[in-house]
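Here's the letter readout for the chains.
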Amino acid sequence: MHKTRAIKDRLFTLYILTTSTLALIPVLHLIFVIVIRGFDSFVEGGIKFLTDVPPTPLSTELGGIGPSLLGTLILTATSLPITILIAFFAAVLANEFPNNPISKTVDIISRSFTSIPTIVVSMTVYLLVVVPMRTYSAIASSIALTIIALPYAYAITSAAIRQVPLMYREAAYSLGMTRWTTIYKVVVPITRRMLSGCVLITMARIMGETAALMFTAGRFRTGISLQLDRPIDAIPLLIFDYALTPYPILHKVAWGAALLLIIIYFIIFLAVKTIVKEVKL
Amino acid sequence: MNIWDPEKERYGLLAPLIGTLMTSIIATLTALILSLSLSITISEYLKGVLKNALSITIEFMSGLPTVIYSLWGIQYAVPILRDHLMLPLYNHFQFIPLFSCRPLSGFSVLSAGLVIGISIIPYLTALIHESYSLIPIAYREACLGIGATRYETIRILLGLCKPAVIAAVILGLARAMGETTIAAALVGNSMTTSACLFTPSYTVSALIASQYANAQLYRYAEPVLYSAALAILIIALTLSLIGLNMLSKWRVKILA
Amino acid sequence: MVNNKVIAITAIAVVVIAVVTGVITLQTRTTQPTATITQTITQTVTQTVTRTVTQSPQTVTVTVTTTLTPTTPSTPSIRGLTLNGAGATFPYPQIMEWIKKFYNRTGASINYQPVGSGAGLSQFFQNVTDFACSDPPLKRSDWEKYRGNVMQVPFIVGAVVVVYNIPELPTGYNLKLSGEVIAKIYKGEIRFWDDDAIKMLNSDVANRLPRKEIIGVYRSDSSGTTEVFTTYLNKAAPNIWGKDLVGKTVDWPIAKVGRGVGGSGNPGVTQAVQATPYSIGYVEWSFAITNKLQMAMVSNKDGNYLLPSEASLKDALRMINMPKSPLDDFSHTLEEVVYAPGPNTYPITSPSYIIMWRTYTAKEKALALSEFLKWLAIDGYRDVVPGYVAPPEEVIKLLTTASDILRQ
């Protein structure tokens, strides 16, 4: 009796450890491959890999991902502040005024929208923004990205706000502060570190989004464009498009771009980890 | 039912709907099996630096852009899966309907499902691990007190978070259904429905990704795609609402 | 903790610096074309002079048409302007080369999204893009609908080739496949590579043909290449490949029997054929060349088996009754050029069309497009990418006419 229990325990341990390793192998392989192949592209492209335009399918020179990198930066810069602003106010609304029916609706909608198919957002924005504007544009892309990042930003922001103990608020109210001054003077300073973590996580989410840009960005890869009402490109979209071509040179660009994306993400991740310890991605 | 012929304005969404269902079930099953083990490893088998390292790695993985999985899937996962998983399965287990067709290019329901599954492992692991560590220590102490082995303790504790695990599965299903980049790249884009996992098929999001751009050229293609999108949207929203609800109810219960 | 912070801050600093240098370099890059702009201007001014100096037989017609053009004394600069186009993947490699050269020359960027002919037309008619590319010309009904407002020019000529992946066959060997056999394969009626019908056509490698199931790769998106290819199948084997199976999207019989694989765009089909042993597919010639795919010799109307070549494509082009103005209807050209008669005519030849409006509300778009067409007529066909053939003389005229119309 005792023996079978011990054997069962052993077998279970074996099973757990093997499947855990099995779970890690694909991702480790993926990261390994990206580092190796991306590094090759970096070496071949040199510093121009960050600035040059992508190669044509037939060219022998690697070129770079300049337009896409710039596009990713522009899109992040435009959609991140809006997302954070809206998410922050929504979170404040839902957490500080929890009994309001509007707050409840906001809460439920934001929560359930975290897993909506992003391609649906893309096609809707195409219909509502791209077609009326008569062009693909950075604006349309930013709108799509904002819609997608909002639920995420909301979830983590409200988690941050919820962590402030009720006591602090009560203390502030007893000093005669209004609700908004309490938020501004008490809640925000306390959660400052976590809120900056939220900003960074949202940023990572925006930078990695692909499907939202499929029908909104317009894949502008032939030069630089700083105009928001013109087509734009982003690194994830470039990776997706080039991965589906048969040309080795475009694959190389895609691997380099993937490595760059991972590096950027890694830096953001490190920053989050140093700023806040307990925020969940 | 199974047709995409906009030139003649004939449409049928059976293939993408079934395909979506199949890929997301494969994905969630894979992710469930692996992430259950992972979260147990983290909470029961590892300590100190190793534990930290693993949980940080998983946290890091959870934010990886999915497009990276599709790039890796096209160039590595699909050929590997075809040669080392699908072909052997086909050769030896043809009599099972799931494995009854010859794998073609490797781009198939199975590859898309597995890679999506890999991509949602961190998400599921985070959910399960969080719930698992929420269980009050009193339960664990009680288990150890009656002399239960580690295996028995884990079984009892897992039993306690069963509703949370089910909620996590539902949430994972919702996420897998909406996944676009990996599905569009790996599912094989073919209007076929079959019980066999090796056939190329479509998912709703892959169908939208490859057909929406030219849908306006035809009269009914766009409305058809919108209805498909609506269907998947409603399913995903319902699933995630149910999942979130279950999860919060369970939390209240276990902490009470 | 401190260490982590230091690492994070330095890392962020590195990225910021890299980005800033990137932007600066890019901006300096865009100023480069100014030099070439002055070149272009001087060139247009002294156009006739240079023409007579470098007169080669090919540019004679060009001289004629340029003198017809009342070019403004100084060409307005189109530097910094952007044109947005989308459409066929068929001419994609060639268009990308043109875009690069045109940018270096004028500083105007053209943004081309290779999304397929169907998607290109769809977005063009929604006014989301400025021009479209499509392998088949506009359908007569579409042309009627926009008659007088829409222009088309068959600006590059390519060929659809039938490619396959049979590892057993020696490199450099080209299978012979008749239209009938290809149609039967895509119908699902010929199931194995060692089918008697294929063996009969290829008696020299008959014993090397494997008993493996044929996997048919087709386009999953709305595609001009598909329309050209299915038109060929219909004309070569009307009894097997009916009219109902001709079009930009087809309900593929081979997919119904579980041996079909869909690929998005010419790139997607190429990739699928590369990745799938014992598959067959159809792509534009250039994709087969650059990706080293095995090509089949296909039968033409006279019953000869041919690979595409400059000569065999040009033979097919002669059969086109080319309209005189870009505003005319081109819809008949597809029927004329595919499966055209002649002993040495490649049967699946197709021009690819650039489709644009006659007038644009944004004047600078019209100007940039007009400049692009003019540049194409003068310079564009100097070095055509392998896998394409320059269009005939009449098309050069069409390009200049279209360029002039856009200027009005």
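By convention here, each chain's residues receive numbers from 1 onward along its written sequence. Whichever chain is written first becomes A and whichever ligand is written first becomes 1, with later ones labelled in order. For a predicted model such as this one, the threshold for reporting local features is a pLDDT of at least 70, and the threshold for listing and counting side-chain atom pairs is 80 or more; totals across whole chains, interfaces and linings nevertheless cover every residue. Values reported for side chains reflect all heavy atoms of the structure, with hydrogen atoms and water molecules removed beforehand.

**A short note on the overall build of chain B**
Strands here are runs of E lasting at least two residues and helices are runs of H or I lasting at least four, both read from the DSSP assignment and numbered beginning at the N terminus. The helix and strand tally for chain B stands at ten helices and two strands. For the C-alpha atoms alone, the extent of chain B along its principal axes is close to 70 × 40 × 35 Å. Only protein chains enter the accessibility calculation, which uses a 1.4 Å probe; a residue is then buried when its area is under 20% of its type maximum, exposed when over 50%, and partly exposed in between. Per-residue burial over chain B gives 61% buried out of 256 residues. Note on definitions: a residue-residue contact is assigned when non-hydrogen atoms from the two residues lie within 4.5 Å. In chain B, 76% of the contacts between residues at least 6 apart in sequence involve partners at least 24 apart. Areas reported here follow the Shrake-Rupley algorithm with a probe of radius 1.4 Å; residue values treat only the protein chains shown as occluding. Summed over all atoms, the accessible surface of chain B reaches about 9600 Å², with 69% contributed by carbon and sulfur. Counted as positive: Lys and Arg. Counted as negative: Asp and Glu. His and the chain ends are not counted at all. For the purpose of locating charges, the reference atoms are NZ of Lys, CZ of Arg, CG of Asp and CD of Glu. Of the side-chain charges in chain B, 15 are positive and 11 negative, and the distance between the mean point of each set is 8 Å.

**A look at the state of the cysteines**
Residue and element names in this part refer to chain B. Working definition: a disulfide is two cysteine sulfur atoms within 2.5 Å of each other. With the rule as written, the count across this model stands at one disulfide over all chains. For C101, the disulfide goes to C196, at an S-S distance of 2.0 Å. Here C101 and C196 share a disulfide; its torsion about the S-S bond, -75 degrees, makes the bridge left-handed. Here the residue C101 occupies a position in the loop between helix 3 (66-93) and helix 4 (109-134), and C196 occupies one in the loop between helix 8 (181-186) and helix 9 (204-215), the gap between them amounting to 95 residues. Given the relative accessible area of 2%, C196 is considered buried.

**Thoughts on the pattern of salt bridges**
All names here are of chain A. Salt bridges are defined by distance alone: a side-chain nitrogen of Lys or Arg within 4 Å of a carboxyl oxygen of Asp or Glu. Inspection of every chain in the model, using the stated rule, returns 32 salt bridges over all chains. Ionic pairing is found between R169 and E96, a salt bridge with its closest N-O pair at 3.1 Å. You can see R169 sitting in helix 6 (residues 166-174) and its partner E96 sitting in helix 2 (residues 66-96), a full 73 residues away along the chain. No difference in accessibility class separates R169 from E96, as the two residues are buried. Through salt bridges with shared partners, one network takes in R219, R221, D233 and D241.

**A closer look at the side chain of C:S325**
Residue and element names in this part refer to chain C. Along the polypeptide, S325 turns up in the loop between helix 14 (310-317) and helix 15 (332-337). Overall, the relative accessible area of 18% leaves S325 in the buried class. Reaching out from S325, the side chain makes a polar contact with the backbone nitrogen of L327 at a distance of 2.9 Å. For S325, the residues in contact, after removing those within four places along its chain, are F330 and L398. Identification of polar contacts relies on pairs of N or O atoms within 3.5 Å, with a donor-acceptor requirement for protein atoms, meaning one able to donate a hydrogen and the other able to accept it, and with residues adjacent in sequence counted only if both atoms are side-chain atoms.

**Some remarks on the interface of chain B and chain A**
With 58 residues of chain B at the interface, the matching set in chain A holds 58 residues. Defined here as a combined quantity, buried area equals the accessible surface (1.4 Å probe) lost by two parts on assembly, summed across both. For the pairing of chain B and chain A, the buried interface totals around 5300 Å² over both sides, and the portion due to carbon and sulfur atoms is 76%. For the interface between chain B and chain A, the tally reads two salt bridges. The residue A:K273 makes a salt bridge to B:E59 at a minimum N-O spacing of 3.0 Å. Scanning the region where chain B abuts chain A turns up 18 residue pairs in polar contact (both at pLDDT 80 or more). The greatest single-element share of the side of chain B that touches chain A, amounting to eleven residues, is contributed by helix 10 (residues 221-255) of chain B. Note on residue categories: nonpolar means Ala, Val, Leu, Ile, Met, Phe, Trp, Tyr, Cys or Pro, charged means Asp, Glu, Lys or Arg, and polar means any other residue, Gly included. A per-class count over the side of chain B that touches chain A returns 39 nonpolar, 14 polar and five charged.

**Topic: unusual backbone geometry**
The backbone of A:R134 shows a phi angle near 65 degrees, a positive value even though the residue is not glycine. With respect to the helices and strands, the residue A:R134 is situated in the loop between helix 4 (118-133) and helix 5 (138-162). Phi at C:Y339 is positive, roughly 55 degrees, even though this residue is not glycine. Its location among the elements puts C:Y339 in the loop between helix 15 and strand 12 (349-357).

**Considerations on the sheet that holds strand 11 (residues 305-306) of chain C**
All names here are of chain C. Here, a strand pair is defined by DSSP locating no fewer than two bridges between the strands. Strand order in the open sheet formed by three strands is 5-10-11, and the pairing between neighbours is mixed. Both edges of this open sheet fall to strand 5 (176-177) and strand 11, since each of them pairs with a single strand only. Alignment of strand 5 against strand 10 (residues 297-299), held across two bridges, turns out to be parallel. Pairing of K176 across the sheet is with M297, part of strand 10.

**Examining the packing of aromatic side chains**
Here a pair means two rings of Phe, Tyr or Trp (six-membered ring of Trp) with centres within 6.5 Å. Their orientation is stacked below 30 degrees between planes, edge-to-face above 60, and tilted elsewhere. Scanning all chains against the criterion turns up 39 aromatic pairs over all chains. When the ring of A:F97 is compared with that of A:W180, the centres are 5.9 Å apart and the planes differ by 40 degrees; the resulting orientation is tilted. One end of the pair, A:F97, is in the loop between helix 2 and helix 3 (101-112); the other, A:W180, is in helix 7 (residues 179-190), with 83 residues separating them in the sequence. A ring pair is formed by C:Y146 and C:W357, whose centres lie 5.5 Å apart and whose planes are at 65 degrees; its orientation type is edge-to-face. You can see C:Y146 sitting in the loop between helix 7 (140-145) and strand 4 (150-165) and its partner C:W357 sitting in strand 12, a full 211 residues away along the chain.

**Some words on the nonpolar core**
Residue types Ala, Val, Leu, Ile, Met, Phe, Trp, Tyr and Cys, when buried and joined through side-chain atoms within 4.5 Å, form a set referred to as a nonpolar core. The biggest cluster of nonpolar side chains holds 296 residues, and the ones touching the most others in it are C:F155, C:W252 and C:M356. Residue contacts for C:F155: discarding those within four places in its chain leaves C:I95, C:W98, C:C133, C:S352, C:Y353, C:I354, C:L376, C:Y381, C:P391, C:V395 and C:L399.

**Remarks on the packing of helix 1 (residues 2-45) of chain A against helix 1 (residues 14-45) of chain B**
The relative placement of two packed helices is expressed as an angle between their axes plus a distance between the axes. The geometry of helix 1 of chain A relative to helix 1 of chain B is characterised by a closest axis approach of 8 Å and an angle of 115 degrees between their N-to-C directions. Accordingly, the angle class assigned to the pair helix 1 of chain A and helix 1 of chain B is roughly perpendicular. The element helix 1 of chain A and its partner helix 1 of chain B pack so that their crossing is left-handed. Counting all contacts with helix 1 of chain A, which are made through A:F12, A:T13, A:Y15, A:I16, A:L17, A:T19, A:S20, A:L22, A:A23 and A:L24, the residues of helix 1 of chain B involved are B:I33, B:L34, B:S37, B:L38, B:I40, B:T41 and B:Y45. For the contact of helix 1 of chain A with helix 1 of chain B, the residue count by class is twelve nonpolar, five polar and no charged. Geometry is summarised by axes, namely lines fitted to C-alpha atoms with helices restricted to the contacting stretch, and by angles between N-to-C directions that run from 0 to 180 degrees. Working rule for angles: under 35 degrees goes down as roughly parallel, over 145 as roughly antiparallel, 65 to 115 as roughly perpendicular, anything else as oblique. Handedness of each helix crossing follows the sense of rotation of the near helix against the far helix: counterclockwise by less than a right angle gives left-handed, clockwise gives right-handed.

**Section: the packing of helix 4 of chain A against helix 10 of chain B**
Two elements in contact, helix 4 of chain A and helix 10 of chain B, have axes separated by 10 Å at closest approach and are oriented at 140 degrees. Judged by the inter-axis angle, helix 4 of chain A sits oblique to helix 10 of chain B. In the packing of helix 4 of chain A onto helix 10 of chain B, the handedness of the crossing is left-handed. Touching A:V120, A:M123, A:T124 and A:L127 of helix 4 of chain A are B:E222, B:L225, B:Y226, B:A229, B:I232 and B:L233, all from helix 10 of chain B. Residues belonging to the contact of helix 4 of chain A with helix 10 of chain B are distributed by class as follows: eight nonpolar, one polar and one charged.

**A closer look at helix 4 of chain B**
All names here are of chain B. Across its 26 residues, helix 4 extends 36 Å between first and last C-alpha, which sits within 8% of the 38 Å expected from 1.5 Å per residue. Fitting axes to the seven residues that end at a residue and to the seven that start at it, the angle between those axes gives the bend at that residue. The sharpest bend along helix 4 measures roughly 45 degrees and falls at I120, with the proline P122 sitting one to four residues further on. Of all the 26 residues making up helix 4, 20 are buried; the element is thus mostly covered by neighbouring parts of the structure. By this rule the span expected of a helix is its residue count minus one, scaled by 1.5 Å.

**Some words on helix 1 of chain B**
Compared with an ideal rise of 1.5 Å per residue, which puts 32 residues at 46 Å, helix 1 of chain B spans 45 Å between its outermost C-alpha atoms and is within 8% of the ideal. Judged by how many residues are buried, helix 1 of chain B sits mostly within the fold: 24 of 32 residues are covered.

**Examining the pairing of strand 3 (residues 131-134) of chain C**
Residues and elements named next belong to chain C. In strand 3, alternate side chains face the same way, and those of F131 and C133 on one face and A132 and S134 on the other are all buried. Where strand 1 (residues 82-87) lies against strand 3, three bridges are found, and the strand directions are parallel. Bridge pairing in strand 3 places G85 opposite F131. As defined by bridge partners, strand 3 adjoins strand 12 across four bridges and the pair is classed as antiparallel. Residue pairing across strands places A132 opposite I355, the latter belonging to strand 12.

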